[in-house]
Each structure stands twice: as C-alpha cells, then as structure tokens.
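Listed below are the residues making up each chain.
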Amino acid sequence: MLCHTSPITLYRLNPVCAQRRLNSDWCYAAGGAERDAVENGDQGRASYHAGGAVEERGSLWFSRMLPPLGPLVREWIKEDVPGFDYGGAVVGDTMETMSLYQKSTGVVAGCPFFDAVMAELNCKVVWKVQEGQYMKVADGQRAVIATVKGRVCDLLMGERTALNVLARASGIATRAHRLVVIKCKKEWKGVVAGTRKITPGFRLVEKHAMLVGGADMHRMDLSSMVMLKDNHIWSHGSITRAVAKARSVCGFSLRIEVETSSFEDADEAAAAGADIVMLDNLTPQVLGEVSQKLKAKYPHIKIEGSGGITEDSIGDYMLPTVDVLSTSSIHQGCPHVDFSLKVIRRRARLQQPGL
C-alpha cells in the first residue's frame, strides 16, 4: 500500500458489483458493512464482489484477457512520431528515471497499455498502485503512482502517448465506478453497461476501462451479439422477419437483441424469439410500466433500458423489472483523470535509494 503524510489519501477499489455477463444470474453481492461504507460516502472502505471479478491479492483477472499490445502501441507511436523526434536530439540518451504523478481523484486504469507503450521503447515501469485502485487526491496535491526508467529520449518519446491512454482509460473507469456506486446504493440487481459508441481505434482501451470501473462492456463489436435497431427493422419490413433472418445466420450461439420503443414492438420482438429487448428513449415511469407488462408475459426475457441515461438520472431507471441499463455517458464526454511524468532531478534521486 502507498502511504502519504500529505492530504493525498490512497483508496483501494475493487470494482463495485463487478460486471456480469448477460447469460449470468443477476446478483447483488454487497455485504452489509461494505454497503454502509458506500452509502456513507466512504468509497475507500467499500469492497464489492460479484462472480470473482477481483482476486484477493487485488489483481484484476480480466487484465490478462488482453491480446499482445505491441502492434497497437506501435501504431500509436508511429502516429506521434512519423519522422524525426527533434526533441530527442536535445535530451540525448542518458539513463533517467521519471515519476508518474496522479493529480486528480479517480480510478487508475489503463496500466497494461501504459506498460506496453514504454516497453516498446525499452523503458521499464514499476507501479506503486494496482490497476483498478481508487486514488483520492486533494486539490493542488499529487501522488507518485509509478516510476519509469529508460533512456531519456525514449522516455520523452513515449511520454505523451502513454499519458493520454492512462488519462482516458482512468476517466472512463472512474465514471463507470460512480454509476455502479449508485447501483449499489439503490440495491438494484441489474447491470450498468456501456455502449458501442466508442472511439475508433481505441475500442480495446475503452472497453477494458469499463471493466476496470465495474461496468459491463455491452457487446464488444458487431460480431459478438446481434442487435437489431430501427434501421435494420425498417429495411427488412418487420421485427418478426428481421429476427428470423438474424437467427438463420447467427445460429444458436449468439443472442439477439431488438431495439423497441413501445410495448407493442417489444411484445412482437419477444414473441419472435429475441433474447433481449431494449426499451429505448422511454421515461422512467413508462419504462417501468412497459417492462412490468413484458416480464409478466415473458419472464425469461432480459430487458434493457437505454437512451438519454446519465449519472444524474440513472437511479430513476433502476427498476426491478429492468435487467440492464446502458449508457454512453460512461465513455463519451467523461472527464479524464490528470497525470504527468516528470524526470527525477539528480539531487532528488540521490535521496531515493534504488533509483
């Protein structure tokens, strides 16, 4: 654990009511003491588990699901350095150590991507915190969360790219965490999910960050689940025909979700064999009425609420007959967490054994 005598306080986050897949049983696994901690605003003491998403030693197992990141980070570095790095000629190639500072409160996320950028440039990162850890940083303060060692020209070549990824991922994870804290306060048993409205080329980072923050990724891409939206239905003629066509090509192994905006359309989708029905752009009151009628008729159907849901309003949508709430506010327009990298000056380095 990282300790500070400054006003910076380290908080440990285990993703709150961590993400559950759509084919799992919905469960609320918060114990009384942990739930009280969240309700009292003490996110640091709160520790929620669902489905073993967090190991006891604090390592998030889904970080090990990532593919080799070399090709991805090489594209990022090439984009930032298409030719000469003129600043590299100024600083030279002496070995230096940089401190990674966190300067605003939030969940630390994106560590594997930060590591991969620095590893591509032959720099070594030593973390003082863990992926998924919640850091509360007082205004005007900063916390050292890692050190990075390498040739100074390489450190500075990777600096901005690595920081950008870390700031973006941490911002998404922090927003996800805030929404799932609301879920736990409400004792709602459903799932808070992101959407497919992600930044092109940055899908892996943003989806990973949702998981780190405790939210569901929703479908990863067009190949991971069938979602029939209004344009699919209008183009094919009817909900029933669209579902039948989708099932004929996706087979039994993929789920089919249909976007609807009324009980009549939702009823048709469920009768046609949809596994999940999305009720889109409804008020909380109408969502409750429609979902209750739909569950009474089709108890097996999963119901997703979506459309215009924000951090301020999501609690109103957390209804007992709704299984999933999806919102792009998790990853669109969320503030980033502030980080910086600074070379440790030689006098300061002499006072830090091992650097």
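Everything that follows concerns the structure shown earlier in this document.
Residues numbered from 1 in each chain as written. Predicted model: local features only at pLDDT ≥ 70, side-chain atom pairs only at ≥ 80, totals over all residues. Heavy atoms only, no water.

**With respect to the overall build of the chain**
- The helix and strand tally for the chain stands at 12 helices and 13 strands.
- Scored against the burial criterion, the 355 residues of the chain give a buried share of 54%.
- Restricting the contact set of the chain to residue pairs at least 6 apart, pairs at least 24 apart contribute 73%.
- Carbon and sulfur atoms make up 50% of the accessible area of the chain, which totals about 16,900 Å². (Helix = DSSP H or I, 4+ residues; strand = E, 2+ residues; numbered from the N terminus. Buried < 20%, exposed > 50% of the residue type's maximum accessible area, 1.4 Å probe, protein only. Contact = heavy atoms within 4.5 Å. Areas by Shrake-Rupley, 256 points an atom, 1.4 Å probe, with all protein chains shown as cover.)

**Overview of unusual backbone geometry**
- The residue Glu 187 is not glycine, and still its phi comes out positive at about 55°.
- By the secondary structure assignment, Glu 187 is in the loop between helix 5 (152-186) and strand 7 (191-193).
- Its identity as a non-glycine residue notwithstanding, His 218 has a phi of 65°, on the positive side.
- Secondary-structure assignment places His 218 in the loop between helix 6 (203-212) and strand 8 (226-228).
- Using a relative accessible area of 15% as the deciding quantity, one classes His 218 as buried.

**Considering a nonpolar patch on the surface**
- Taken together, Val 90, Val 91 and Leu 156 make up a surface patch of nonpolar side chains, about 240 Å² in accessible area.
- Tracing the chain through its elements places Val 90 in helix 3 (residues 86-91). (Patch = residues over 30% accessible without salt bridge, like charges linked within 9 Å, V, L, I, M, F, W, Y side chains within 5 Å. Salt bridge = Lys/Arg side-chain N within 4 Å of Asp/Glu carboxyl O.)

**Structural notes on the packing of aromatic side chains**
- Scanning the model with the defined rule gives 4 aromatic pairs in all.
- Judged by centre distance (5.8 Å) and plane angle (50°), the rings of Phe 84 and Tyr 86 are tilted. For the pair shown, Phe 84 and Tyr 86 are each scored as exposed.
- What links up through ring pairs into an aromatic cluster is the set Trp 76, Phe 113 and Phe 202. (Phe/Tyr/Trp six-rings, centres within 6.5 Å; stacked < 30°, edge-to-face > 60°.)

**Some points on the sheet that holds strand 6 (residues 143-151)**
- The 4 strands are arranged 4-6-2-13 in an open sheet whose pairing can be described as antiparallel. The strands lining the two open edges of the sheet, one partner per strand, are strand 4 (124-127) and strand 13 (339-343). The sheet shows a mean angle of 25° between the axes of neighbouring strands, taken without regard to direction.
- Those strands touched by helix 4 (residues 111-120) are strand 2 (95-102), strand 4, strand 6 and strand 13, and its axis lies near 150° from that of strand 4. (Pairing = 2+ DSSP bridges. Axes fitted to C-alpha atoms, helices over the stretch in contact; angles between N-to-C directions.)

**Observations concerning the nonpolar core**
- One finds Leu 100, Phe 114 and Val 258 to be the most contacted residues of the largest nonpolar core, which totals 86 residues.
- Per-element accounting of this core gives the leading share, 13 residues, to helix 5.
- Apart from the residues lying within four places of it in its own chain, the contact partners of Val 258 are Leu 228, Ile 233, Ile 239, Val 243, Ala 269, Ala 274, Ile 276, Val 277 and Met 278. (Core = buried A, V, L, I, M, F, W, Y, C linked by side-chain atoms within 4.5 Å.)

**Topic: the pairing of strand 10 (residues 276-280)**
- Judged by how many residues are buried, strand 10 sits mostly within the fold: 5 of 5 residues are covered.
- Neither face of strand 10 is left uncovered, since the one carrying Ile 276, Met 278 and Asp 280 and the one carrying Val 277 and Leu 279 both have all their residues buried.
- When strand 9 (residues 256-260) meets strand 10, the two strands line up parallel, connected through 4 bridges. The partner of Thr 260 across the bridge, within strand 10, is Leu 279.
- In this fold, the crossover linking strand 9 to strand 10 by way of helix 9 (residues 263-272) has right-handed handedness. (Right-handed = clockwise from strand over helix to strand, strands pointing away.)

**Focus: the sheet that holds strand 8**
- Pairing within the open sheet is parallel, and its 6 strands lie in the order 7-12-11-10-9-8. Strands with a single pairing partner mark the edges of an open sheet, and in this sheet they are strand 7 and strand 8. Adjacent strand axes in the sheet meet at a mean angle of 25° when their direction is disregarded.
- Direction of pairing for strand 7 relative to strand 12 (residues 324-326): parallel, over a ladder of 3 bridges. Following the sheet pairing, Val 192 is matched in strand 12 by Leu 325.

**A closer look at the environment of Pro 335**
- Among the structural elements, Pro 335 can be located in the loop between strand 12 and strand 13.
- Under the relative-accessibility criterion, Pro 335 is labelled exposed at 55%.
- Separated by 164 residues in the primary sequence, Pro 335 and Gly 171 have C-alpha atoms spaced 5.7 Å apart.
- Other than its neighbours up to four places away in sequence, Pro 335 contacts Gly 171 and Arg 175.

**Digging into the packing of helix 4 against helix 5**
- Packing of helix 4 against helix 5 leaves a shortest axis separation of 9 Å and a crossing angle of 165°. In terms of orientation, helix 4 lies roughly antiparallel with respect to helix 5. Once helix 4 is placed against helix 5, the crossing between them reads as right-handed. Along the contact surface, helix 4 presents Cys 111, Phe 113, Phe 114, Val 117 and Met 118, while helix 5 presents Leu 155, Gly 158, Glu 159, Thr 161, Ala 162, Leu 163, Val 165 and Leu 166.
- Of the residues contributing to the contact of helix 4 with helix 5, the split by class is 10 nonpolar, 2 polar and 1 charged. (Parallel < 35°, antiparallel > 145°, perpendicular 65-115°, else oblique. Left-handed = near helix turned anticlockwise from the far one by under 90°. Nonpolar A, V, L, I, M, F, W, Y, C, P; charged D, E, K, R; others polar.)

**As for the packing of helix 5 against helix 6**
- Helix 6 packs onto helix 5 with a crossing angle of 40° between their chain directions and a minimal axis gap of 7 Å. In this view, helix 5 runs oblique relative to helix 6, as classed from their interaxial angle. In the crossing of helix 5 with helix 6, the sense of the turn from one axis to the other is right-handed. Residues Val 165, Arg 168, Ala 169, Ile 172, Ala 173 and Ala 176 of helix 5 touch helix 6, and the partners they reach there are Val 205, Glu 206, Ala 209, Met 210 and Val 212.
- Broken down by class, the residue content of the contact of helix 5 with helix 6 amounts to 9 nonpolar, no polar and 2 charged.

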